[in-house]
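Coordinate analysis (summary)
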Amino acid sequence: MVNTGGEMPLATERLGDSFFQDPQGLFARLRSSAPVTPVITPEGTRVWLVTRYEDVRAALADPRLAKDWVTHMTPDDFDINVDPVQAYLDQHMLNLDPPDHTRLRRLVVKAFTPRRVAALRPRIAAVNGELLDAMADGPAETDLIEAFAFPLSVTVICELIGIPVGDRESFREWSGTLLSSRGTREESRAAAVDMYEYFTHMVAERRRSPADDLLSALIAARDSGDSLSEHELLSMVFLLLVAGHETMVNLIASGVLALLTHPAELGRLRDDPSLLPSAVEELLRYANPLNHATERFTLEPVTIGDAIIPAKEWVMLATSSANRDASRFADADRLDVGRDASGHVGFGHGIHYCLGAPLARLEGEIAFGMLLSRFPGLTLAVPESSLRWRPSSLIHGLEGLPVRLR
Ligand code: HEM
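In the nomenclature of an unreviewed UniProt entry, the protein corresponds to Cytochrome P450 from the organism Streptomyces xantholiticus.

1. Here we look at the overall build of the protein
Within the protein one finds 17 helices and 13 strands. Relative to the globule expectation of 22 Å for 406 residues, the C-alpha radius of gyration of the protein, 21 Å, shows essentially globular dimensions. Taken over the C-alpha atoms alone, the protein extends approximately 60 × 55 × 40 Å along its principal axes. Within the protein, buried positions represent 55% of all 406 residues. Residue pairs in contact within the protein that sit at least 24 positions apart in sequence constitute 74% of those at least 6 positions apart.

2. Quick notes on the coordination of the iron atom of the ligand
Looking at the protein side alone, the iron atom of the ligand has one donor only, Cys-354 (SG), at 2.3 Å. Mapped onto the fold, Cys-354 is located in the loop between helix 16 (319-322) and helix 17 (357-374).

3. Details of the sheet that holds strand 4 (residues 46-50)
Ordered by their spatial adjacency, six strands build an open sheet running 2-3-4-11-8-5, and the pairing between neighbours is mixed. The two strands at the open ends of the sheet, each matched to only one other strand, are strand 2 (13-14) and strand 5 (65-66). Where strand 5 lies against strand 8 (residues 296-298), two bridges are found, and the strand directions are antiparallel. Note that in strand 8 the partner of Leu-65 across the bridge is Thr-298. Where helix 3 (residues 53-60) meets the sheet, it contacts strand 4, strand 5, strand 8 and strand 11 (314-317), and its direction lies at approximately 120 degrees from that of strand 11.

4. Quick notes on the sheet that holds strand 7 (residues 141-143)
The strand order 7-13-12 describes an open sheet built from three strands, whose pairing is antiparallel. Every other strand in the sheet has two partners, leaving strand 7 and strand 12 (379-380) as the edge strands with one partner each. With two bridges joining them, strand 12 and strand 13 (residues 402-404) adopt antiparallel strand pairing. The residue of strand 13 that forms the bridge with Thr-379 is Arg-404. Along the sheet face, helix 9 (residues 144-161) touches strand 7 and strand 13 and points at about 50 degrees away from the line of strand 7.

5. Let's talk about the packing of helix 15 (residues 276-286) against helix 17
It is the contact of helix 15 with helix 17, at a shortest axis distance of 9 Å, that shows an interaxial angle of 110 degrees. For the element pair helix 15 / helix 17, the angle class is roughly perpendicular. The chirality of how helix 15 crosses helix 17 is right-handed. Taking contact as the criterion, the partners of Leu-276, Pro-277, Val-280, Glu-281 and Leu-283 in helix 15 are, on helix 17, Arg-361, Gly-364, Glu-365, Phe-368 and Gly-369. Here the residues of the contact of helix 15 with helix 17 are counted per class, giving five nonpolar, two polar and three charged.

6. Let's talk about the packing of aromatic side chains
Within a pair of aromatic rings, the relevant descriptors are the distance that separates the centres and the angle that separates the planes. The full count for this structure, using the stated rule, is ten aromatic pairs. Centre to centre, the rings of Tyr-53 and Phe-329 are 5.8 Å apart; their planes meet at 90 degrees, and the pair counts as edge-to-face. Within this pair, whereas Tyr-53 is found in helix 3, its partner Phe-329 is found in the loop between helix 16 and helix 17, the two being separated by 276 residues in sequence. Residue classification places Tyr-53 among the buried positions, given a relative accessible area of 3%. For Phe-329, a relative accessible area of 2% puts it in the buried group.

7. Concerning the side chain of Asp-213
By the secondary structure assignment, Asp-213 is in the loop between helix 11 (185-208) and helix 12 (214-223). Polar side-chain contacts of Asp-213 include one of 2.9 Å to the side chain of Arg-206. At 2.7 Å, the side chain of Asp-213 and the side chain of Ser-216 are in polar contact.

8. Focus: the pattern of salt bridges
Side-chain pairing between opposite charges can occur once the charged atoms of the two side chains come close. Counting across every chain of the model gives 24 salt bridges. With a closest N to O distance of 3.7 Å, Arg-172 and Glu-169 form a salt bridge. You can see Arg-172 and its partner Glu-169 sitting in helix 10 (residues 168-179), three residues apart, about one turn around the helix. Note on Glu-169: relative accessible area 43%, which makes it partly exposed. A network of salt bridges, in which partner residues are shared, links Glu-265, Arg-268, Asp-331, Arg-334 and Asp-336.

9. Digging into the environment of Tyr-196
Mapped onto the elements, Tyr-196 comes out in helix 11. With twelve residues separating them in the primary sequence, Tyr-196 and Arg-208 have C-alpha atoms 19 Å apart.

10. Some points on the site of the ligand
Looking at the ligand, there are 29 residues lining it, with His-101, Arg-105, Thr-294, His-352 and Cys-354 nearest. At 2.5 Å from an oxygen atom of the ligand is found a side-chain nitrogen or oxygen belonging to Thr-294. Measuring from an oxygen atom of the ligand, one finds a backbone N or O atom of Ile-351 at 3.5 Å. Counting only elements with at least two residues in the shell around the ligand, the list comes to helix 6 (100-109), helix 13 (230-260) and helix 17. Taken together, the residues of the shell around the ligand break down into 18 nonpolar, nine polar and two charged.

Rules used throughout
Residues numbered from 1 in each chain as written. Predicted model: local features only at pLDDT ≥ 70, side-chain atom pairs only at ≥ 80, totals over all residues. Heavy atoms only, no water. Helix = DSSP H or I, 4+ residues; strand = E, 2+ residues; numbered from the N terminus. Rg over C-alpha atoms; globule rule 2.2 N^0.38 Å. Buried < 20%, exposed > 50% of the residue type's maximum accessible area, 1.4 Å probe, protein only. Contact = heavy atoms within 4.5 Å. Donors = N, O, S within 2.8 Å, 3.2 Å for Na, K, Ca; no water. Pairing = 2+ DSSP bridges. Axes fitted to C-alpha atoms, helices over the stretch in contact; angles between N-to-C directions. Parallel < 35°, antiparallel > 145°, perpendicular 65-115°, else oblique. Left-handed = near helix turned anticlockwise from the far one by under 90°. Nonpolar A, V, L, I, M, F, W, Y, C, P; charged D, E, K, R; others polar. Phe/Tyr/Trp six-rings, centres within 6.5 Å; stacked < 30°, edge-to-face > 60°. Polar contact = N/O pair within 3.5 Å; in protein donor to acceptor, adjacent residues only side chain to side chain. Salt bridge = Lys/Arg side-chain N within 4 Å of Asp/Glu carboxyl O. Near = heavy atom within 4 Å.

Structure below.
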């Protein structure tokens, strides 16, 4: 999408590879210079980037910043240039406003309450155990994403939704292509079409033979009334699968990297596992898998700091910048596994606050706890400077994390 409105001051920053490799470098500079900065996203869209904690948190809960651009925007406002298949899958609760957002979220919220999620603990621990056993039997050096973070995250979310874990390599590729800021339109379209066909097939199959999973419950809700359309059902499954694994993989990988490069903090956590819950919260603050929340647009002019953002402009709320704002977190650039990191906006804030937060916290606690106790000699297998981050504006995730297990 390209904004053709003429009111935004000239954008001087373009988010590209130096941003992917070091987002906090840019965020620190922008936070100290102005509350809002016009930037060009890697896809070429002009957006207003908000970087300070108070502004980001307030904007996340501001109903004048909306999500449902399909309903509110006309081609006069924006040169709409989104592939129709991708737009179809994107019509999920995270891209909708009340009342549609409220109705769709209500359908799945029960599956993600802390109590329901706590019941998954034994299964999550068992999946961890199997992966760690396989790593212990394998080579001394391995890629932690391939061997642990990815299979763990994807197995948990697939089992919860009711999608065959065996198909994981396919949707890993599709989802990676859709979230990449480097792919061509044709590649994105092909990935969206493959995903659409895959989910259509999965829904048909589950309809024929229901099971005790979230997908069957959603199909039952769909078939017993008018609580969601077939389109909403497909986009819901798409959202749950993508949101549920892309973030988790990167919390584990970036979290482990943060610990390995801060040996004193790693030592504290090893010596006192009761710090695990606060360590997970701190890693969500310090090493968050998302650079920013998904984009919003203004329904009317909105003032942030000294900037008046006109109506129908895109706004990007840099949650991982807010989490490093020294006006909210003392010594914000320091990793401290014992600190009270509550109030971070790594799961967002307001009505779109992460639905999977209880699951992510539990999975994180189990994963970091079991990995560290199983491999007390865990170290990085390459210099930190050789690690590369994925070319994505939204996701801050490593391309790979080579580690030495013993
Ligand atoms: C470390 C892990 C995770 C992080 C950092 C994270 C972060 C976020 C953030 C920041 C948002 C709000 C986005 C916005 O307002 O634009 C969000 C929403 C969401 N997340 Fe997560 N997430 C994580 C794990 C999960 C998991 C495991 C699931 C499981 C399905 C999940 C499902 C969702 C859904 C469905 C939404 C949309 C909620 C709504 O629109 O009401 N997330 N997440």
